[in-house]
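This is what each chain is made of:
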Amino acid sequence: MNLRDSDVPRPRSLRTPVRAVAAALTTTLIVTLLTTATLAPAQAAQVRAASMASAADTYEQKVQRLVNRRRAARGLPRLKLAGCADGTAENWSSHLASTGEFYHQSMSYVLSKCNASYAGETLGRGTMTPKRLVRLWMRSSAHKKVLISPKSRRIGVGVTPDKYGRWVVTANFIRF
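Bear in mind the structure is a predicted one, so any value in this text is a computation, not a measurement.

A closer look at the overall build of the protein
Thought 1: The number of helices and strands found in the protein is 6 helices and 4 strands.
Thought 2: Each helix (α) and strand (β) of the protein, taken in turn from the N terminus, gives the series α-α-β-α-α-β-α-α-β-β.
Thought 3: Counting every atom, the protein has about 11,000 Å² of accessible surface; 56% of that belongs to carbon and sulfur.

A few points about the packing of aromatic side chains
Thought 1: With the rule as written, the count across this model stands at 2 aromatic pairs.
Thought 2: Centre to centre, the rings of Tyr59 and Trp167 are 5.3 Å apart; their planes meet at 40°, and the pair counts as tilted. Taken as a pair, Tyr59 in helix H2 (residues 41-72) and Trp167 in strand S4 (residues 167-175) lie far apart in primary sequence, 108 residues in all. The residues Tyr59 and Trp167 share a single accessibility class, namely buried.
Thought 3: Measuring from centroid to centroid gives 5.3 Å for Trp92 and Tyr103, while their planes differ by 85°, and the two rings are edge-to-face. Remark: Tyr103 occurs in the loop between helix H3 (83-99) and helix H4 (107-113) and Trp92 occurs in helix H3; sequence separation between them is 11 residues.
Thought 4: For Trp92, a relative accessible area of 13% translates into the label buried.

Regarding the side chain of Gln105
Thought 1: Along the chain, Gln105 turns up in the loop between H3 and H4.
Thought 2: A residue is classified by how much of its surface remains accessible, and Gln105, at 8% relative accessible area, is buried.

Concerning the confidence of the model for the protein
Thought 1: Summing up the model confidence of the protein, the mean pLDDT is 81 and the portion of residues at 70 or higher is 69%.
Thought 2: Ignoring residues within four places in sequence, the model shows residues 1-18, a span with pLDDT below 50, making 4 contacts including any to other chains.
Thought 3: Note that pLDDT drops below 50 for residues 20-37; the model gives that stretch 5 contacts with residues more than four away or on any other chain.

Some details on the layout of surface pockets
Think of a ball as big as a water molecule: rolled over the atoms, this probe shows where empty space is left.
Thought 1: Computed from the structure, the second largest pocket encloses a volume of approximately 170 Å³.
Thought 2: As for the second largest pocket, its lining consists of Lys62, Arg65, Leu66, Arg69, Thr129, Pro130 and Lys131.
Thought 3: For the lining of the second largest pocket, the secondary-structure elements that each account for two or more residues are H2 and helix H5 (130-139).
Thought 4: Ranked by residue count, the leading element in the lining of the second largest pocket is H2, at 4 residues.

Some thoughts on the sheet that holds strand S3 (residues 154-161)
Thought 1: Spatial ordering of the open sheet is given by S1-S3-S4-S2, a layout of 4 strands whose pairing is mixed. Looking along the sheet, the strands with just one partner apiece sit at the ends: strand S1 (80-81) and strand S2 (118-126).
Thought 2: Across 8 bridges, the pairing between S3 and S4 is antiparallel. Along S4, the bridge assignment pairs Val157 with Ala171.
Thought 3: Helix-sheet contacts for H5 involve S2 and S4, and the interaxial angle to S2 is about 125°.

Thoughts on H3
Thought 1: Look at H3: 24 Å from first C-alpha to last across 17 residues, which is about the 24 Å you get at 1.5 Å a residue.
Thought 2: Among the residues making up H3, those that are buried are Ala85, Asp86, Thr88, Ala89, Trp92, Ser93, Leu96 and Ala97. The arc that holds every buried residue of H3, seen down its axis, measures 165°, which confines them to one face. For H3, the exposed residues lying more than 90 degrees away from the buried face are Gly83, Asn91 and Ser98.
Thought 3: Among the structural elements, S1, H4, S2, S3 and S4 are those in contact with the buried residues of H3.
Thought 4: Backbone geometry just downstream of H3 places Gly100 in the positive-phi region, at approximately 80°.

Focus: the pattern of salt bridges
Thought 1: Going through the model one piece at a time under the given rule, you end up with 1 salt bridge.
Thought 2: When the shortest N-O distance is used, the salt bridge between Arg166 and Asp162 registers 2.8 Å.
Thought 3: Residue Arg166 is classed as partly exposed on the basis of its relative accessible area of 27%.
Thought 4: Taking the relative accessible area as the measure of exposure, Asp162 reaches 11% and is therefore buried.

What counts, and where the lines are drawn
Throughout this document, residue positions are counted from 1 along each chain, in the order its sequence is written. Totals for whole chains, interfaces and linings use every residue, but because this is a predicted model, local features are given only for residues with pLDDT of at least 70 and side-chain atom pairs only at 80 or more, for both listing and counting. Side-chain figures throughout are based on the complete set of non-hydrogen atoms in the structure, without hydrogens or water. Only DSSP runs of H or I covering at least 4 residues are called helices, and only runs of E covering at least 2 are called strands; the numbering of each starts at the N terminus. Residue exposure ignores everything except the shown protein chains as possible cover, and the areas themselves are Shrake-Rupley values with a 1.4 Å probe. When two rings of Phe, Tyr or Trp (its six-membered ring) have centres within 6.5 Å they constitute a pair, described as stacked for plane angles under 30 degrees, edge-to-face for angles over 60, and tilted for the intermediate range. The rule is simple: take the accessible area with a 1.4 Å probe, protein chains only, and divide by the maximum for that residue type; under 20% is buried, over 50% is exposed, in between is partly exposed. pLDDT measures how confident the predictor is about each residue, on a scale from 0 to 100. By definition, residues are in contact when any of their heavy atoms lie within 4.5 Å. The pocket and cavity definitions rest on a 1 Å grid over protein atoms only: a 1.4 Å probe that fits but cannot leave marks a cavity, an open set with protein on both sides within 12 Å along at least five of seven lines marks a pocket, and residues lining either have an atom within 4 Å of a point. Grid points are joined across faces, edges and corners, and a volume is the space filled by probe spheres set on the points. Here a strand pair is declared whenever DSSP counts at least two bridges between the two strands. Lines fitted to C-alpha atoms define the axes, with helix axes restricted to the stretch in contact, and inter-axis angles between N-to-C directions lie between 0 and 180 degrees. Helices are assigned an expected span. That span is 1.5 Å times one less than the residue count. Read the arc as the range of directions from the helix axis to the C-beta atoms. In the sections that follow, a salt bridge refers to a side-chain nitrogen of Lys or Arg positioned within 4 Å of a carboxyl oxygen of Asp or Glu.

This is the structure:
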């Protein structure tokens, strides 16, 4: 008698959290699609925008967590969220996504706006996961230098989808 892995019951503790996350995301997507299908076009657009905003918030949190893991592995302090750095990152990501441009904003502006003594920035654009994005940053000497700079103490991450559905990511690192 052949038993497949799926035929053997697994203890709850051994089930992968990935399945649970995938199921939750699938359920959310189905509910969103069903909801938007029954709404007027303007209402459907609002629901989709809210769903994208929620996805962007989650993406930002994951980027921050992954950057902090890379820093911790090198004995560096964890970066805390800073409202000013987050605001400048959000605004810059939105600008880049809406214009289709892709370049760094002035660090003089970030220093002045946030009353900081240090500022650094990393950018990303694509349909990649936060994990892949941070991995790519770490493989680039210039980006890695910013991510693991001992000068940084605060972080802000902005994520905005562009018209092609790609994430445009700005991470601003500062020290007051």
